[in-house]
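One letter stands for each residue in the lines below.
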Amino acid sequence: HQVLRIKTRNEEEVKQLQLLESLEHLELDFWINPSTSALPVDVRIPANNVQAVKAFLESQGIEYSILIEDLQVVLDKEKQDMVYSQQKERSSSSFNYGTYHSLDDIYAELDHLASEYSNIVSKFQIGQSYEKRPLYVLKFSTGGSNRPAIWLDAGIHSREWVTQASAIWIAKKIASDYGKDPSITSLLNKMDIFLLTVTNPDGYVFTHTTNRMWRKTRSKIPGSLCVGVDPNRNWDAGFGGPGASSNPCSDSYRGPRANSEVEVQAVVNFIKNHGNIRAFLTLHSYSQLLMYPYGYKCTEPADYAELDALGRAAASSIRSLYGTTFTVGSICTTIYQASGGSIDWSYDYGIKYSFAFELRDTGRYGFLLPTSQIIPTAEETWLGLKKIMEHVRDNTY
Amino acid sequence: DIDDVGHKYYLELVLEDVLDKDSTVNCTAEVLYHLGNKNIAPDVQFTLEGELKNTEEADNIFYSRIKSLEKELVAENIPDSHGNVPPEMEPVRLLAWVASGYVIWQNSTENTKFQLAQIKRVKQVKRSDEYLEFDYTILLHEMVSQEIIPWQMTVLWHPQHGVQVTQDSRQPKHASQ
């Protein structure tokens, strides 16, 4: 659609335009109606009538210029701008949850949440990354002593940006919903939640500074020019088996030995020292999958029936919000055999409720998920996580 | 399983228009992965049960726009790190998506799953004939190995003559990648 500006020189020309106005089949939309030759006439013309109207004007010797060549382009840009500022407004205390942030900004927000919701949120460190960055965990707790707890981590693979972004949104959600949402309130009255928003901070920084597609840690590998280990092939679960590479240059390199990566070791130490973790949940992207063990072998876990049913219930909750469909199954049967994975380790360690999520999308944008999808992704993912947490709460063995 | 030949898959799919989710076409297909020599692309036969939407108008608009550019189009990182695609680059991205489909087909086995991850760089090459030519460097994400593979492809396009990949080659990965 085009918008023309017509400059009438006399009353005769104005009358011509009023005639044009009466031709309803042209579907003209006058933004400034023809009334006096002192004012220009602005009119929006549907695409298929543009040529005809221009021909008419030219045949009458009426001067015009193109005000807007393609109205759709203007509308699209406006929508973009609106979405942008809407996302800006959504943030309280100036942290915009609807965009991707640097590590420093995420860490600053962790401090802010711990301060604003200090009655239930505290931040502590479980270790350091290879390049000596702190690994910060948020603890959500209403008290007690070593209560049964839920573990949730994000960003173990650094290029999966929607996971770190969702995690910080989820942190805010849990903190602000306590005391308002009956489900979360009763959950936190019985159990604690531990949330590691950036499991692989070195990789995350690298995706900002150098290579957006970096997946692994940034550890130096003796004898190789290549850097980094796939932290989700480095756990002590079927380590060395099929589904991981022994080539340091590979994006699925398992590492020289299980737990060689300090980031992985830090989580393992925390879980073991805590001693009362009842669920181990981890976020990845992309593919829209909700998976339970095993990855390192294709046999069913002992709790297959319960985990599958719970997974389906969680996927159903996710779908209820925006219609996003997640496929449910074990890692091995759903994607591929993969050894050294975190939920296989946690399950064999005794944490029955071990699930791995692969968030949006299914490949159209892949790792480069547009910012407009961050909050919807976080919202729907939270519903799935909540479903699992509620089940854990009600079945704490 | 077909002895001494390979593995054949019979598929029933629904094709969904990326630009119009309500527009769907049913499709049946047969895919044969050859035994042994992994350098042969799988055989694909398919039947569309219905018609694909006519895109003539949009095609012509894009074609005219590029043809009338004074300087050759050049762009990088589509989408960018935040998933943004400038609206005027959307057709360039869609073209890459189609062309990468050919490259993916030619390089697929039963143990690969490729997706187009990003256009690292695209440069238009002006031609004296009616075709548009673009030289793309794309990143393919292979999901089983989780590798990101740079790939170069030369793409020809014309509204009435469709898409052609005239040249493509896998690029070496740098140690920092």
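Right, let's walk through the structure included here. The structure displayed is predicted, hence computed values, not measured ones.

**Concerning the interface of chain B and chain A**
Moving on, step 1. The partner chain A presents 28 residues to the 28 residues of chain B that form the contact.
Moving on, step 2. Together chain B and chain A conceal approximately 2300 Å² of surface at their shared face, both sides included; 50% is due to carbon and sulfur atoms.
Moving on, step 3. Residue R364(A) is joined to E90(B) by a salt bridge in which the shortest nitrogen-to-oxygen separation is 3.7 Å.
Moving on, step 4. At the boundary of chain B with chain A, the tally comes to 11 residue pairs in polar contact (both at pLDDT 80 or more).
Moving on, step 5. Elements represented by at least two residues in the side of chain B that touches chain A include exactly α2 (90-106), β5 (114-125), β6 (132-142) and β7 (147-158) of chain B.
Moving on, step 6. Considering every element that reaches the side of chain B that touches chain A, the biggest residue donor is β5(B), with 4 residues.
Moving on, step 7. Along the lines of polarity and charge, the residues of the side of chain B that touches chain A split into 12 nonpolar, 10 polar and 6 charged.

**What about the nonpolar core?**
Moving on, step 1. Within the largest apolar cluster, 89 residues are counted, with the highest numbers of intra-cluster contacts made by F140(A), W151(A), L290(A), F355(A) and F357(A).
Moving on, step 2. If you tally residues by element for this core, the top one is helix α5 (residues 161-177) of chain A, at 10 residues.
Moving on, step 3. Apart from residues lying up to four places away in sequence, F355(A) is in contact with F280(A), L281(A), T282(A), L290(A), M291(A), Y292(A), L307(A), L310(A), G311(A), I343(A) and I388(A).
Moving on, step 4. Residues Y63(B), I78(B), F114(B) and I119(B) belong to the second largest nonpolar core, which totals 30 residues.

**Structural notes on the side chain of S287(A)**
Moving on, step 1. Position of S287(A) among the secondary structure elements: in the loop between β9 (277-285) and β10 (289-292).
Moving on, step 2. Ignoring anything within four residues of it in the chain, the contact list for S287(A) reads E358(A), L359(A), D361(A), T362(A) and M143(B).

**Observations regarding unusual backbone geometry**
Moving on, step 1. Here S285(A) and Y286(A) are connected by a cis peptide whose omega angle stands at 0 degrees.
Moving on, step 2. Considering the arrangement of structural elements, one finds Y286(A) in the loop between β9 and β10.
Moving on, step 3. Between R360(A) and D361(A) the backbone carries a cis peptide bond, its omega angle lying at -5 degrees.
Moving on, step 4. Positive phi outside glycine occurs at N77(B), with the angle close to 50 degrees.
Moving on, step 5. Along the chain, N77(B) turns up in strand β4 (residues 74-78).
Moving on, step 6. Look at N77(B) and you get partly exposed, because its relative accessible area is 30%.

Cut-offs applied
- Residues numbered from 1 in each chain as written.
- Chains lettered and ligands numbered in written order.
- Predicted model: local features only at pLDDT ≥ 70, side-chain atom pairs only at ≥ 80, totals over all residues.
- Heavy atoms only, no water.
- Contact = heavy atoms within 4.5 Å.
- Buried area = accessible area lost by both parts, 1.4 Å probe.
- Salt bridge = Lys/Arg side-chain N within 4 Å of Asp/Glu carboxyl O.
- Polar contact = N/O pair within 3.5 Å; in protein donor to acceptor, adjacent residues only side chain to side chain.
- Helix = DSSP H or I, 4+ residues; strand = E, 2+ residues; numbered from the N terminus.
- Nonpolar A, V, L, I, M, F, W, Y, C, P; charged D, E, K, R; others polar.
- Core = buried A, V, L, I, M, F, W, Y, C linked by side-chain atoms within 4.5 Å.
- Buried < 20%, exposed > 50% of the residue type's maximum accessible area, 1.4 Å probe, protein only.

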